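Results of the structural survey
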Number of protein chains: 2
Amino acid sequence: MTSETLGLRDRKRIETRQRLERCAVTLVMRDGLENATVDAISDLADVSPRTFFNYFDSKEDAILGLRDVEITDEAIAGHIAAHPDVDPVESIVRLIVTMLGTSIAEREVRATRLELVARHPQLMGRQFAQMTRMAERLTNAVGAILARDARFADADAPTAELMLAICGAAVRVAVMELAATHSDPDPELLQQRAVELVREVVQKLQ
Amino acid sequence: MTSETLGLRDRKRIETRQRLERCAVTLVMRDGLENATVDAISDLADVSPRTFFNYFDSKEDAILGLRDVEITDEAIAGHIAAHPDVDPVESIVRLIVTMLGTSIAEREVRATRLELVARHPQLMGRQFAQMTRMAERLTNAVGAILARDARFADADAPTAELMLAICGAAVRVAVMELAATHSDPDPELLQQRAVELVREVVQKLQ
DNA sequence: TTGCAGTTCTGCAAAGTTGCACTTGCGTAA
DNA sequence: TTACGCAAGTGCAACTTTGCAGAACTGCAA
């Protein structure tokens, strides 16, 4: 479907990225996280190591299939417009879950990734490292979401940052819980659990 | 005082560490964060680069004078015993601030560090990266603190993790605020502001 | 004083990561 | 169709970080 409309250049680019992701997962499964080197992955994917880093910021990003998500002003507006009346906590959690991204890769690769995350918890940290990298734009998004709620009408940047940290932590805990049960990473479930966690802790604190 | 009781080996070790910290700060101030290489710092401190990494986990740790803090069970018990009747939020914040550590270095170096953090916000991230490294032990500590509060009597590990994240974020925001005003990093002030931030956001959420 | 055990320091090699300069080939406007 | 601009891919060099093995040094006991 998409491949019809794309030029050769774009098709090649997508193919290279997917090949790298597949090779990364394959080698890590076969040799372990340590022993699967960037050189080996690049070799298997038939590109130079330098090219590897043109596609991914780190080895672990390739393994997880993480890509830099664009958090543009339009994207934020769209996100808010899509769910206009939900609670800000839910909206923020939803934003984060969206960002963590359901990698579009093949089903089998995705299943394998679940195993890898369970085996190497450090990989989970990677996802949140990525969040940190985009912290500024994310904080802006959170600010925009909060601005729609009367309670947070006067919210400033620090408040947004704090809310982001709270919701981010809730999502992380929720991911860990779900990963522990080896269940499918259903985004909807993830969201519900994360929101629930925030509610619980807030209730206890007040 | 201390130098009397310590043997030559320990005195040398302390001296080497301080020399490395001083050289790191000096070079970064002179050449910038990027250009101050580990090689250059080690050269100036008259040790090998390998030795540098015997003392610090990263270049930035040396710049900030971060050291691995031991969070033993006794330390946790001591912390709780020292402030038995305070609110759990305050207690957790206090724990974190303590952990971030008042570097014992000379006054001048400390002032310079403030400048550096203001100039390179990435350095603040370093402190929390260190927190992440000790997340497990810290979470245990938070669990112990929460267990003393009736509201959190049934708190589990996820709750502790969430509370840690909330308080950690609050401290981070507080540090940033204080760094922006270039005021002295008074730990007491830091704590108060962080606790205040948590209260504010919880109130808005309920 | 000597010798042993444990620490500190070092050199070396390998891996991850990044910047820079260069080549090649796709896309497209004239 | 040609020619030009731009993106993808590459090679290289530098830097950060870690593991390993060995040399030098310290503390302590015989």
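Just so it is clear, the structure is predicted and the values come from calculations on it, not from any experiment.

Once chain B has been moved 0.1 Å along the axis and rotated by 180°, it coincides with chain A to within an RMSD of 0.2 Å. Here the two chains are linked by the operation of a two-fold rotation axis. Nearest to the rotation axis, the C-alpha of Ile 166 of chain B is located 2.8 Å from it, this being the minimum over chain B. Looking at the interface residues of chain B, 100% of them are also at the interface in chain A, so both copies use one shared face.

Glancing now at the nonpolar core. Residues Ile 166, Cys 167 and Ala 170 of chain A together with Ile 166, Cys 167 and Ala 170 of chain B are the most contacted members of the largest nonpolar core, which totals 68 residues. Going through the elements one at a time, helix 7 (88-100), helix 10 (135-147), helix 11 (157-180) and helix 12 (187-205) of chain A together with helix 7 (88-100), helix 10 (135-147), helix 11 (157-180) and helix 12 (187-205) of chain B are the ones with two or more residues in this core. In terms of nonpolar packing, the next biggest core, distinct from the first, is built from 17 residues, Leu 27, Ala 36, Ala 45 and Leu 66 of chain B among them.

Within this structure's numbering, the places UniProt gives as "domain: HTH tetR-type" (unreviewed entry) are residues 14-74 of chain A. Along residues 14-74 of chain A the backbone is 74% helical and 0% strand, and the end-to-end C-alpha distance reaches 24 Å.

Attention shifts here to the interface of chain B and chain A. Between chain B and chain A, the residue contacts involve 21 residues of the former and 21 residues of the latter. Here the side of chain B that touches chain A is composed, by residue class, of 13 nonpolar, four polar and four charged.

So, on to unusual backbone geometry. Residue and element names in this part refer to chain A. Unlike most non-glycine residues, Asp 46 shows phi in positive territory, near 65°. Mapped onto the elements of the fold, Asp 46 is located in the loop between helix 3 (38-45) and helix 4 (49-55). Since 11 C-beta atoms lie within 10 Å of it, Asp 46 is described here as exposed.

Moving on, we get to the protein's contact with DNA strand C. Gly 7 and Ser 58 of chain A together with Val 47, Ser 48 and Thr 51 of chain B are the nearest of the 21 residues found near DNA strand C. Looking at the surface near DNA strand C, the elements that each hand over two or more residues are helix 2 (8-35), helix 3 and helix 4 of chain A together with helix 2 (8-35) and helix 4 (49-55) of chain B. Looking at the surface near DNA strand C element by element, the count peaks at four residues for helix 2 of chain B. Among the residues forming the surface near DNA strand C, the class breakdown is five nonpolar, seven polar and nine charged.

On to the protein's contact with DNA strand D. Around DNA strand D, 21 residues are found, and the nearest of them are Val 47 and Thr 51 of chain A together with Gly 7, Arg 9 and Ser 58 of chain B. Sorting the residues of the surface near DNA strand D by element identifies helix 2 and helix 4 of chain A together with helix 2, helix 3 (38-45) and helix 4 of chain B as the ones contributing at least two each. Considering every element that reaches the surface near DNA strand D, the biggest residue donor is helix 2 of chain A, with four residues. Looking at side-chain class alone, the surface near DNA strand D contains five nonpolar, seven polar and nine charged residues.

It is worth spelling out the domain arrangement of chain A at this point. Residues and elements named next belong to chain A. According to the domain assignment, chain A consists of domain 1 (3-64) and domain 2 (73-205). Computed over C-alpha atoms only, the centres of domain 1 and domain 2 are separated by 26 Å. Counting from both sides, the interface comprises eleven residues of domain 1 and, opposite them, nine residues of domain 2. Looking at the side of domain 1 that touches domain 2, the elements that each hand over two or more residues are helix 2 and helix 5 (59-64). By residue number, the principal contributor to the side of domain 1 that touches domain 2 is helix 2, which donates seven residues. Its residues assigned to classes, the side of domain 1 that touches domain 2 comprises six nonpolar, one polar and four charged.

Criteria and cut-off values
- Residues numbered from 1 in each chain as written.
- Chains lettered and ligands numbered in written order.
- Predicted model: local features only at pLDDT ≥ 70, side-chain atom pairs only at ≥ 80, totals over all residues.
- Least-squares fit on C-alpha atoms with pLDDT ≥ 70 in both.
- Contact = placed C-beta atoms within 7 Å.
- Core = buried A, V, L, I, M, F, W, Y, C linked by C-beta atoms within 7 Å.
- Buried ≥ 20, exposed ≤ 12 C-beta atoms within 10 Å, placed from the backbone.
- Helix = DSSP H or I, 4+ residues; strand = E, 2+ residues; numbered from the N terminus.
- UniProt positions renumbered as here; feature names shortened; annotations may be inferred.
- Nonpolar A, V, L, I, M, F, W, Y, C, P; charged D, E, K, R; others polar.
- Near = placed C-beta within 6 Å.
- Domains from an automatic or database assignment.

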